[in-house]
Every structure is written in C-alpha cells, then in structure tokens.
Amino acid sequence: MSSPHSTTTAAGHTGGPTDAPAADGLLATPRNVVATALALIVAQLAFRAWALSGSWYRFDDANFMSKLMSDGLSADLLFHGFAGHLMPGAFALTAYNFGLDPYAWAYPAVELLVLQAIANLGALVFLCSAFGKRRGILPPLALFLFSSISLPAFLSWGPGITQLPFLAAIFWGSWAHLNYLRTRRFRWALLTILITLAAIAFGEKAMLLFWPYAVLALGWFATGDILTRLRTILGRYLPGVLLYGFVSIGSVIAYLTLGAGSSKASGSSDANGFALVAQRFLLESWAPGAVGGPLRWKWIEGNSAGWAEPGAVVSVLAVGVLALLTFELARTRSIALRAWWLVGGILVIDIALITAIRAGGVGADIALAYRYLTDTIAVTAMALALATLPLRGAVETLTPTRTSPFLDNPRRVAVATAVVAALGLFSSYSYVQGWHDDDNTRRYIDTVRADLAEVEVEEPLPMADGPVPEWMVWGASYPYNQVSRVLRPLSDKMAFPRASTDNLYLVDKDGHIRPALVEPERRSVGAVDPTPSLDKCKLRVRQTPLEVGLDGGVDGAGWWIRVAYVAAAKDAGRMRVTAGDHSYDVDVEPGFRSLYLRTGEGRFDTIGLQSLTPGSKPCLGGIEVGSVVPFGDPISGAEDEG
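Since the structure is predicted, the reported quantities are computational estimates derived from the model, not experimental observations.

Check the secondary structure of the chain and you find 19 helices and 16 strands. Referenced to the eigenvectors of the C-alpha coordinate spread, the extents of the chain come out at roughly 110 × 50 × 45 Å. Within the span of the chain, comprising 642 residues, buried residues form 52% of the whole. The long-range share in the chain, meaning contacts at least 24 apart out of those at least 6 apart in sequence, stands at 80%.

Helix length check: helix H5 (residues 106–131), at 26 residues, gives a terminal C-alpha distance of 37 Å against a target of 38 Å (1.5 Å per residue), a fit within 8%. At the exit of H5 stands Gly 132, carrying a positive phi of roughly 90°.

Bringing helix H8 (residues 157–183) into the picture now. Over its 27 residues, H8 extends 38 Å from the first C-alpha to the last, a length consistent with the 39 Å expected when each residue adds 1.5 Å. At Ala 169, H8 is bent by approximately 30°, the largest bend along its length. Within H8, 24 of the 27 residues are buried, leaving the element largely enclosed by the surrounding structure. One or two residues past the end of H8 sits Arg 184, with phi positive at roughly 60°.

Turning our eyes to something else, we now look at the state of the cysteines. Scanning the entire structure with this criterion turns up one disulfide. Across the disulfide, Cys 537 is cross-linked to Cys 619 (sulfur-sulfur distance 2.0 Å). The chirality of the disulfide connecting Cys 537 with Cys 619 is right-handed, given an S-S dihedral of about 105°. Within this pair, whereas Cys 537 is found in the loop between strand E9 (513–523) and strand E10 (546–555), its partner Cys 619 is found in strand E16 (residues 619–630), the two being separated by 82 residues in sequence. We classify Cys 619 as buried; its relative accessible area is 1%.

Our next topic: the pairing of strand E12 (residues 573–579). Looking along a regular strand, one sees side chains alternate from face to face of the sheet. Examined bridge by bridge, E12 and strand E13 (residues 582–588) share seven bridges and lie antiparallel to one another. Bridge pairing in E13 links Gly 573 to Val 588. Hairpin connection from E12 to E13: two residues lie between these consecutive antiparallel strands, with Gly 580 at a positive phi of about 65°. Pairing of E12 with strand E15 (residues 603–611) involves five bridges; the strand directions are antiparallel. Bridging from a neighbouring strand, Met 575 pairs with Ser 611 of E15.

On the basis of which strands lie adjacent, the open sheet formed by six strands has the order E7-E14-E11-E16-E9-E8 and antiparallel pairing. Two strands lie at the open edges of the sheet, namely strand E7 (499–501) and strand E8 (505–507), each paired on one side alone. The average angle at which neighbouring strand axes cross in this sheet is 40°, direction not considered. With seven bridges connecting them, E9 and E16 associate as antiparallel partners. Bridging from a neighbouring strand, Pro 520 pairs with Gly 626 of E16.

Okay, the side chain of Ser 251 next. By the element assignment, Ser 251 lies in helix H12 (residues 238–259). Judged by its relative accessible area of 11%, Ser 251 is buried. Residue contacts for Ser 251: discarding those within four places in its chain leaves Leu 197, Ile 200 and Met 207.

It is worth spelling out the side chain of Asp 451 at this point. With respect to the secondary-structure elements, Asp 451 resides in helix H18 (residues 440–453). Of the side chains bearing the opposite charge, Arg 514 lies closest to the buried Asp 451, which forms no salt bridge; the N-O distance is 7.2 Å. Among the polar contacts listed, one links the side chain of Asp 451 to the backbone nitrogen of Ile 513, at a separation of 2.8 Å. Excluding anything up to four places from it in sequence, Asp 451 contacts Gly 511, His 512, Ile 513, Pro 634, Ile 635 and Ser 636.

What follows concerns the sheet that holds E13. The four strands are arranged E10-E15-E12-E13 in an open sheet whose pairing can be described as antiparallel. Each edge of the sheet is formed by a strand with only one pairing partner; in this case those strands are E10 and E13. The mean inter-strand angle of the sheet, taken between neighbouring strand axes irrespective of direction, is 20°. Examined bridge by bridge, E10 and E15 share six bridges and lie antiparallel to one another. Directly across from Asp 555, in E15, lies its bridge partner Arg 603.

So, on to the packing of aromatic side chains. Taken as a whole, this structure holds 21 aromatic pairs when the rule is applied. An angle of 85° between the planes, with centres 6.3 Å apart, marks the rings of Phe 126 and Phe 131 as edge-to-face. With a relative accessible area of 2%, Phe 131 lands in the buried category. Taking 5.6 Å as the distance between ring centres and 90° as the angle between the ring planes, the aromatic pair formed by Trp 172 and Trp 175 counts as edge-to-face. You can see Trp 172 and its partner Trp 175 sitting in helix H8, three residues apart, about one turn around the helix. An aromatic cluster is built from Trp 56, Tyr 57, Phe 98, Tyr 103 and Trp 105, whose rings are joined through pairwise contacts. In this structure, Arg 48 packs its charged tip against the face of Phe 154, placed 5.1 Å from the ring centre. For the cation-ring pair, Arg 58 lies above Trp 435, with the distance from its terminal atom to the ring centre recorded as 3.9 Å.

What counts as what
- Residues numbered from 1 in each chain as written.
- Predicted model: local features only at pLDDT ≥ 70, side-chain atom pairs only at ≥ 80, totals over all residues.
- Heavy atoms only, no water.
- Helix = DSSP H or I, 4+ residues; strand = E, 2+ residues; numbered from the N terminus.
- Buried < 20%, exposed > 50% of the residue type's maximum accessible area, 1.4 Å probe, protein only.
- Contact = heavy atoms within 4.5 Å.
- Expected span 1.5 Å × (residues − 1).
- Bend = angle between axes of the 7 residues up to and from the residue.
- Disulfide = S-S within 2.5 Å.
- Pairing = 2+ DSSP bridges.
- Axes fitted to C-alpha atoms, helices over the stretch in contact; angles between N-to-C directions.
- Lys, Arg positive; Asp, Glu negative; His and termini not counted.
- Salt bridge = Lys/Arg side-chain N within 4 Å of Asp/Glu carboxyl O.
- Polar contact = N/O pair within 3.5 Å; in protein donor to acceptor, adjacent residues only side chain to side chain.
- Phe/Tyr/Trp six-rings, centres within 6.5 Å; stacked < 30°, edge-to-face > 60°.
- Lys NZ or Arg CZ within 6 Å of the ring centre and 35° of its normal.

In short, geometric facts, not functional conclusions.
In structure tokens form, the structure reads like this:
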C-alpha cells in the first residue's frame, strides 16, 4: 500500500523520489524488492508444503476416484462433465495419478504445490510488470500469499486441481493482457487466450477471467464516459475484442451445452436467498479473510472442511478496516476506487453462483466455506495494487491528490502488512490443524486395506455393496457413493456378487470388514421349518416351481434375501430363486447352508424356488428379507474402534 507522490505523464510514466533507488533501507533497490518478494514466496510454499504433507484425498476427491475407477477416462467424462463441472484437464491429470497409484498422495501433493508456485510467480510477474519493482508491490503480494482464503481449496485435490489453474491464470493472463493493451500486438492477445483456455480446461469457472480483462481495458486504457470508453477499446483493439468475444461466448455455449446438465445440485435463486448468501459471503467470509481472518473455524461432521467462524467482533472490525482503507484511498488518490470494480464484480458473480447452484441443498452457510472464495483473494490483491499504485503504460492512471498519513508512511504500511500477513498465517495454521485432525477418509481406506492385507484368500471376499459414510461421499452422488466403486482399486480382494453361499461381508462405518447378517424386515410364512433337517423336511425344493409367501411386500433394490436350506450329497446341483422380476441360478451344496441374494428393482411379496437338477431336492428352511448389518469382529481380528 505504497503510493508516494509522483508525476504522471499521458503515457503513464511515473517519476518521483520513490521510483528511483532510495539512499537507504532494506527495500532501497528493485533488486532488493524482488529478493524480498521471492523470500515471501518461498516462505509461503514451505508452509503449504507442510500443510500438504499431512493431507490426503477428501470428500469430492472420493467422487473423482469413484467416477474414474468405475467408468474410466471416457470421452463422456471429459466433454460432458460431472456434478455440474466441465474439467477435462482435471480429470485427465487425476486419471494419470490414479494410473500410477490411486492411493499415493505424493503425486497430487507435488502437483498442487507446483501450481501454487506458478500462481505465486504469476502474481510477482504481474505486479512487477504493472507497477515496477517497487516496495509498493509487496503488500498486495503478501496479502495474496498469506491469506487463508485460498488455503482450503489448495489442500484438497478436487477443488485444488480446478481452482489453482484459475488462480494462476488470473495473474499470468492479466500480465499477457496488459502487454496487449500497452503494445496492441496481437500475439499478446493470443497468449492471453491460450492461458485462459488452459485454465478453463481445468474448470469452467475460469471463464470469469474475462472480467479482469475487461476492467483493466475500460478502466485504465480509455477515457471518458462508459460509452466513450467502449468505443475507444473497440477502435484500438478490435482484433483482440473479436478474439476475446469469440472465445468467451463460445466457452459459455460449450459449457451450457456439454457440462451444465450434469449437475444435481439445487439452488436458492430468490432475492432473500441471494441476500442471505451475500451477508455470509461478504461480512463473515471475504472481509475477515481479506484482513487476516477468520481466526476461528467451525468443523461440521459430514462436511470434511472447516467453515469460517470469525464471530461478530472480527467481522465488524474487518469491515471497518476495509471501509477506512476505502475512505483513505478516495480522499488521497485519484481513480483509486475504480479498482474496486475488479473485486466487486467477482464477488457479485461468486455470490450469484453459490446462491443458484449450492445454497439450495445446504443453505446460506455454504458461503462460509472458503473453497468457493478462492478466486476472490487474487482479484482482491490485484485491486489493492491498482488502488494504491500508478499502472505503468496506462492511458489513465492513479495520482496522489493529497498526503496520506498512512499510505505515504512506509513504516506504517509495513507494520500493517506484517500484521495482516501474521493473522493470515495464524488463520491458515488453525485450519491446517483441524484439517489434519479430520482425516477420516484416509483412516477409512487404510483400515480397509489393513484388514484385507491380513487375510489370505484364494478368491475375492463376497461383499455386500452399500454406501460409504456421508462424510466421504454424499448420497446424492449415487451410484458413485457405493463401496464397490469407491474401493474399486481393491477389487482383486473384494467381489460384490448378487448371490453368495454361506459367506457375506461388508465394510462398516470405520472401514473394518466384518461378517454380514441379514436384519429381517420380512420373513417367510406357511409350511417352512426355520431349522430344516434331512430326516424331517416340511418343504422341499423340486423341479416343479414353488412359491413361498412373505409376511409383507418388499419394494426397491438393495435389500438382501437369506435362504436357509439343508442338502444331502445327492442333492448337489443347481437351483433357481426368483424375487419379483429377478432370478438367480445358484449352486446347491451339501450341508446346512445360507444363501444370500441381493434384490433388484421392483416389488414382490413371494419368493419362487425351483430345482434345475433332476434328483436334487434340498430341504427349505426359513427365508428372511432385510438390510445387512455387521456382526462379530473384523476379519483381521482387530478390535472395533466404533
């Protein structure tokens, strides 16, 4: 926030004592400024590397895993999206990582850190190019680096791989765009679009990049009223305007045609819903995060991410600080408030998107999740720089109108920057601690793997399929929330059959593999002996079809049927069991047996049985229909922690 007195020519060249090397001080030369900036970047990357070292796949990441492991990297996934997102680049890179090792966190961790480094260097390159290598670029850089706003998305693979490329493109794209505005050379416009398209390939939200491009052009490279500015930009940059317009409109059409229909989310688009989201977003999320908050986080079971919980005092102080800064800028700098259009437009768009797409299912509190604010910290830092520093090469640029006791005092600015950065680090550290502690997904999968590792089996264990815990994958993601899909990489030791004899297992809520027991909702009625014997059998299964009634109807898929029978050696053969429209041809094995069958769609109130082997007449016992529940110890012999 350095804005010393300077003179500005029509071409935007700035001169004055603070643009020349100072006689003393740590930041006396451009070289020292860049060295300090690089030191800040290294410090931030070191902190975030530590944060990643204790992280792992979470929540939406399990959706990625399930979808890719179930369906593979198909053209449909790449070009029609998933859960409302069109992100072929993200899915391609995820598929590559999973191909190496689906449970190795090292690959995505390194990639996230590299993307963060690219974004950091982009911020430095943009600031140096836009404003020169002067100490005034350090406060906005420090704000971007140490704010906790971008941390939640960074720590999680799904949000990170879609949003970090966007974050990097905000700076690198604006840098290329700024060079186009200065030189009018079309190759810079092409580079801008290439950077933009690369970011869009990882997530459709990067289409918002055209907003800072427009604000920079209209706000600093034209003069007059808005219509005059539009005419000026059209006249000077017509090839670029046509290119940007074609790509932006084409991207929107492509997303609406290909990806928008894949969303199952519900929104709340009325005015009241928008107002509630805006209140949470601006006063409790963005404003505290922009000055070092929120300081405190709320961890909700089933969410797998912390939500901002700054409290009323921190929220009021944050809004007050931003209001005072805005007042001081308006009082002492020309055109400073123009920069607020940059961040204001992104804030309004983000609020509208959350209201329309996410708030309906969770409520307005979804705006307290910083993963939906990631882009705001980049444009906030950029706006702060534009509001306090003259933009080099601009047609209209900032000039001081009077002395500011704060903005023109480097020591006060340095202290304020250090305080905001320190508070941001504290908020980030608090979040990382909570994130590391809430590592349920890794514990769940590690437990499954440990149980399987201790069991020697010649064939995969017959498993009852079902949903993983809600904190891992929401039920709305069905069928990608099913154990068989989420744990597909372990399919060499687990099978999910429709029918199994004697043995059936399931994965419990903690990840342990346990024997499964049918908890009956319906039972057989009539001449059925619950404890059949070979000597005295009330009901035998013969080649003539047999219908056994239940004490009530069963509707829907996912139930399990347990059929008890006893068979002599001469009864070995095949038997058909029918439940509604679904039939199961199973082996009849000698001895006392329990046959487990998974139901399909449809309603039924009888079970049909028929022997398919001449001479095979197994004795039928009781029939139960219900859900499966765990019983007994885990197959590894470990004690249940739940």
